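Secondary and tertiary structure notes
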Amino acid sequence: MGIEVANLDQRGSEDPKSRNKSDYANDEILVSPNPASNYFILENKTSFEALQVKLTDSFGRINEVSKSFEDLLKIDCSTYSSGIYFITITHSSGYHRVKKVIVTN
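Now for a look at the structure at hand. What you are looking at is a predicted structure, and each value in this text was computed from that prediction instead of being measured.

This model, assessed by the stated rule, comprises 3 salt bridges. One salt bridge in this structure joins Glu43 and Lys45, with 3.1 Å as the shortest N-O distance. Overall, the relative accessible area of 28% leaves Glu43 in the partly exposed class. On the basis of relative accessible area, Lys45 is assigned to the partly exposed category, the value being 46%. Among the salt bridges present, the one from Asp57 reaches Arg61, with a minimum N-O distance of 2.7 Å.

Okay, here's the thing in structure tokens:
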């Protein structure tokens, strides 16, 4: 069980703190596969670098925490109990998203 960070390319040098909240509307974090059984991948389609990730179960228990990722993040969920998990993605600029993944083991 664990997190594997794969940085595939470099993002632009835009200062995310200069963005306003309406700029976040087109930003996307993709989760696949969903539902997942062995692993799932988070794909960063935003312009942000160094996103922080926290994975919690439906009871609020923390399962994984990532220091940061830029492009792809592979999370091994093969030992997780089946259920709904919440992925909280944040950036120091104030960007905050919560995604849902269903684990079927």
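What the rule picks out here adds up to 2 aromatic pairs. Judged by centre distance (4.8 Å) and plane angle (45°), the rings of Phe48 and Tyr95 are tilted. A residue pair is termed long-range when its members are at least 10 positions apart, and Phe48 in the loop between β3 (39-44) and β4 (51-57) and Tyr95 in the loop between β7 (83-90) and β8 (96-103) qualify at 47 residues. Each of the two residues, Phe48 as well as Tyr95, counts as buried. We note Lys74 situated over the ring of Tyr39; from NZ or CZ to the ring centre the distance is 4.6 Å.

Conventions adopted
- Residues numbered from 1 in each chain as written.
- Predicted model: local features only at pLDDT ≥ 70, side-chain atom pairs only at ≥ 80, totals over all residues.
- Heavy atoms only, no water.
- Salt bridge = Lys/Arg side-chain N within 4 Å of Asp/Glu carboxyl O.
- Buried < 20%, exposed > 50% of the residue type's maximum accessible area, 1.4 Å probe, protein only.
- Phe/Tyr/Trp six-rings, centres within 6.5 Å; stacked < 30°, edge-to-face > 60°.
- Helix = DSSP H or I, 4+ residues; strand = E, 2+ residues; numbered from the N terminus.
- Lys NZ or Arg CZ within 6 Å of the ring centre and 35° of its normal.

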